[in-house]
Amino acid sequence: MTYVKPISTLWWLRRPSYFLFALRELSSVFVAWFVVYLLMLVSAISAGPEAYHRFLDWSTGRVLVLNVVALLFVLLHAVTWFNLAPRAMVVPHVPPVVVLVLHYLLWLGLSAALAWVVLR
Amino acid sequence: MRRRSPEPLVWLLFSAGGMAAALSVPVLLFLFGVAIPLGWLPRPDHAHLLTVLRSPITKLVLFGLCVLALFHWAHRFRYTLYDGLRLKKLSGLIIVFCYGGALAGSAVAGYVLLRA
Amino acid sequence: MADTITMQVARYRPGQEAEPVFQSYDVPLRKEWAVLDGLNHIKDHVDGTLSYRWSCRMGICGSCGMTVNGSPVLSCATFLTDYAPGPVRVEPLRNFPVVRDLVVDIGDFMAKLPSVKPWLIRDDEPPEGEYLQTPDELDDYKKFSMCINCMLCYSACPVYALDPAFVGPAAIALAQRYNLDSRDEGAADRRDVLSSAEGVWACTFVGECSTACPKGVDPAGAIQRYKLTAATHALKDFLLPRGAR
């Protein structure tokens, strides 16, 4: 005669921390969208200068809105990923804060390197 | 005794993809998806991008990024459907959709990058 | 400061109610009173039919876990003044069947706990005296040994709510407490349960178990660490021929 509380499908709306978790998990959809966008860009570049410029013209408007949203989600993914990393990856004799800082430094360095390759 | 699951291998792909995506996707999406289309940064010269793209190293790195990012999506989205929408009953279908999608996407990525 | 606060306490009396209802009680609001003191006041002076578990009143027995204003807490370590002017809503721990009022059925956790063999496993005969260990070796698992089995982590965990077969945060953290102990040789014995689909792989690192833990155990971290261990093992099994492992 025990009572079992039913669980709502919208359980992730019940607490702010659950909702943030749901957003974090949803970020994977935008990671997948990035792969699609990247492959479209690669196709356009390889098809020649006109296709490349046509692609960038197409990337304004609605696609731009999608990309801005995707960027926010991808940033959420990156920040939550790096913040949780020291708890999953325990290196003997290295304090967790060092593991954390190294992740952010690597992120910064790699981002700068990629930007340099693209824009140089 | 409980049966060992194939979960560790897909989790490794998920983790590698999560790391690769966290490190490289924000800057690439910011550049090509937002800053360049908006004109905040000058459009990179087409010839320059083509040279970079045609380097085998670039192709290999981009292929790796695409495959890992897709498997990252597949694994995480599978659990989003399980828990967020409570669809664990459909787990067979979801597994085929997610990991099958990632495999198909990887094949497309390979084709696009080889042809580039 | 007002001198009373309203406590809305979930009542469930089987045979009397089909599902829990809230009953309000006004209790004295004193600086040194925890939620548990409020409940004891109700039980002793207002309504002796209220049922709940408690024992030590000092955050070590793990009996008095409840849901207070939606969060899983130890009611002996949660002060009424933090909820002033109130009301304070007291419910049983979530994710467990309610037996009566604030008392839940903990049978599921009690059955899972021994499944991860949370004790020292050795093949050799016990030594004269004790197994020796350095302070550094103690630090490797000390955090995970602080668990008091209060089950707040199970109450906070949405994965356990959705899939009661999940071995769960405290049990896995305790398994890790022994896996990381230099005196233990039982990691292989625990592997089948921990690396099953209902073991660490069910966890999606929501992290709420670690937020809820009153002892700083970080079960979520323990689970992620074990995922890495299990994945490394699986990769070895996958890549190396049987003899070379």
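Residues numbered from 1 in each chain as written. Chains lettered and ligands numbered in written order. Predicted model: local features only at pLDDT ≥ 70, side-chain atom pairs only at ≥ 80, totals over all residues. Heavy atoms only, no water.

Quick notes on the overall build of chain B
(1) Moving on: Within chain B, the secondary structure is distributed over four helices and zero strands.
(2) Moving on: Sequence-ordered secondary structure for chain B, helices as α and strands as β, is α-α-α-α.
(3) Moving on: Here the C-alpha atoms of chain B give a radius of gyration of 17 Å, more than 25% beyond the 13 Å that 2.2 N^0.38 yields for 116 residues.
(4) Moving on: Looking at chain B as a whole, 58% of its 116 residues qualify as buried. (Helix = DSSP H or I, 4+ residues; strand = E, 2+ residues; numbered from the N terminus. Rg over C-alpha atoms; globule rule 2.2 N^0.38 Å. Buried < 20%, exposed > 50% of the residue type's maximum accessible area, 1.4 Å probe, protein only.)

Re the pattern of salt bridges
(1) Moving on: Summed over the entire model, instances satisfying the criterion amount to 20 salt bridges over all chains.
(2) Moving on: The closest approach of N and O atoms between Asp163 of chain C and Lys88 of chain B, which form a salt bridge, is 3.2 Å. Pair noted here: Asp163 of chain C is in the loop between α5 (158-162) and α6 (169-179) and Lys88 of chain B is in the loop between α3 (56-84) and α4 (91-115), and the two residues belong to different chains.
(3) Moving on: Judged by relative accessible area, Asp163 of chain C falls into the buried class, the value being 18%.
(4) Moving on: We classify Lys88 of chain B as partly exposed; its relative accessible area is 41%. (Salt bridge = Lys/Arg side-chain N within 4 Å of Asp/Glu carboxyl O.)

Digging into helix α1 (residues 35-46) of chain C
Think of an α-helix as turning once every 3.6 residues; residues three or four places apart then point the same way.
Residue and element names in this part refer to chain C.
(1) Moving on: With twelve residues, α1 ought to run about 16 Å at 1.5 Å a step, and its terminal C-alpha atoms sit 15 Å apart, in line with that.
(2) Moving on: Restricting attention to buried positions, one finds in α1 the residues Val35, Leu36, Gly38, Leu39, Asn40, His41 and Ile42.
(3) Moving on: Along its buried surface, α1 packs onto β1 (4-11), β2 (21-28), β3 (65-68) and β5 (88-91). (Expected span 1.5 Å × (residues − 1). Contact = heavy atoms within 4.5 Å.)

Focus: the interface of chain C and chain A
(1) Moving on: Taken together, the contact between chain C and chain A spans 32 residues of the former and 20 residues of the latter.
(2) Moving on: Summed over both partners, the interface of chain C with chain A buries about 2,000 Å², with 58% contributed by carbon and sulfur atoms.
(3) Moving on: When the buried surface of chain C facing chain A is broken down by residue, Arg94, Phe205 and Glu208 of chain C rank first, second and third, together holding 24% of it.
(4) Moving on: The interface formed by chain C and chain A includes three salt bridges.
(5) Moving on: Close ionic contact of Arg15 of chain A with Glu208 of chain C constitutes a salt bridge, the shortest N to O distance being 3.6 Å.
(6) Moving on: Sorting elements by how many residues they give to the side of chain C that touches chain A places helix α9 (residues 219-239) of chain C first, with five residues.
(7) Moving on: The class makeup of the residues in the side of chain C that touches chain A is 18 nonpolar, seven polar and seven charged. (Buried area = accessible area lost by both parts, 1.4 Å probe. Nonpolar A, V, L, I, M, F, W, Y, C, P; charged D, E, K, R; others polar.)

Observations concerning the packing of aromatic side chains
Residues and elements named next belong to chain A.
(1) Moving on: Inspection of the entire model under this criterion finds 20 aromatic pairs over all chains.
(2) Moving on: Each ring, one from Trp11 and one from Tyr18, has its centre 5.6 Å from the other, and the planes form 75°; the classification is edge-to-face. The pair formed by Trp11 and Tyr18 is uniform in burial state, with each residue classed as buried.
(3) Moving on: Their ring planes at 40° and their centres at 5.6 Å tell us that Phe55 and Trp58 sit as a pair that is tilted. (Phe/Tyr/Trp six-rings, centres within 6.5 Å; stacked < 30°, edge-to-face > 60°.)

Some remarks on helix α4 (residues 96-119) of chain A
(1) Moving on: Counted at 1.5 Å a residue, the expected span for α4 of chain A with its 24 residues is 34 Å, and the 35 Å between its end C-alpha atoms agrees.
(2) Moving on: If you check which residues of α4 of chain A are buried, you get Val99, His103, Trp107, Ser111, Ala115 and Val118 of chain A.
(3) Moving on: Close packing links the buried residues of α4 of chain A with α3 (62-88) of chain A together with α1 (7-38) and α2 (46-54) of chain B.

Description of the domain arrangement of chain C
Residues and elements named next belong to chain C.
(1) Moving on: In terms of domain boundaries, chain C breaks down into domain 1 (4-104) and domain 2 (107-244).
(2) Moving on: The C-alpha centroid of domain 2 is placed 31 Å from the C-alpha centroid of domain 1.
(3) Moving on: Across the contact, 14 residues belong to domain 1 and 15 residues belong to domain 2.
(4) Moving on: Between domain 1 and domain 2, roughly 1,000 Å² of surface is buried when both sides are summed, and carbon and sulfur atoms account for 65% of that area.
(5) Moving on: When residues of domain 1 are sorted by the area they lose upon contact with domain 2, Pro72, Asn95 and Phe96 head the list and together hold 50% of the total.
(6) Moving on: Where domain 1 packs against domain 2, one counts zero salt bridges.
(7) Moving on: Along the contact surface separating domain 1 from domain 2 lie five residue pairs in polar contact (both at pLDDT 80 or more).
(8) Moving on: Across the side of domain 1 that touches domain 2, the residue classes tally to eight nonpolar, five polar and one charged. (Domains from an automatic or database assignment. Polar contact = N/O pair within 3.5 Å; in protein donor to acceptor, adjacent residues only side chain to side chain.)

Things to note about the interface of chain A and chain B
(1) Moving on: Contacts between the two partners involve 54 residues from chain A, matched on the other side by 50 residues from chain B.
(2) Moving on: With both chains or domains summed, chain A and chain B bury close to 4,800 Å², and 77% of this area falls on carbon and sulfur atoms.
(3) Moving on: Considering only the surface of chain A that becomes buried against chain B, Phe34, Trp81 and Val118 of chain A emerge as the three largest contributors, covering 13% of it.
(4) Moving on: For the interface between chain A and chain B, the tally reads two salt bridges.
(5) Moving on: We note a salt bridge from Arg43 of chain B to Asp57 of chain A, for which the minimum N-O separation is 2.7 Å.
(6) Moving on: Here chain A and chain B share 16 residue pairs in polar contact (both at pLDDT 80 or more) between them.
(7) Moving on: Counting residues per element, the ones that place at least two in the side of chain A that touches chain B are α1 (16-47), α2 (49-58), α3 and α4 of chain A.

Structural notes on the environment of Cys150 of chain C
Residue and element names in this part refer to chain C.
(1) Moving on: Inspection of the secondary structure assignment puts Cys150 in the loop between α3 (135-139) and α4 (152-156).
(2) Moving on: Its relative accessible area of 7% is what places Cys150 among the buried residues.
(3) Moving on: Here the alpha-carbon distance between Cys150 and Ala170, two residues 20 residues apart in the chain, equals 8.8 Å.
(4) Moving on: With near-sequence residues (within four places) excluded, Cys150 lies in contact with Gly62, Leu74, Leu93 and Pro214.

Let's talk about the sheet that holds β5 of chain C
Residue and element names in this part refer to chain C.
(1) Moving on: As summarised here, the arrangement of the five strands in space is β2-β1-β5-β3-β4, forming an open sheet in which the pairing is mixed. Edge positions in the sheet fall to β2 and β4 (71-74), since each has one partner strand and no second. Direction aside, the axes of adjacent strands within the sheet are offset by 35° on average.
(2) Moving on: Of the strand pairs in this sheet, β1 and β2 are connected by eight bridges, and their pairing is antiparallel. Paired with Thr6 across the two strands is Asp26, which belongs to β2. (Pairing = 2+ DSSP bridges. Axes fitted to C-alpha atoms, helices over the stretch in contact; angles between N-to-C directions.)

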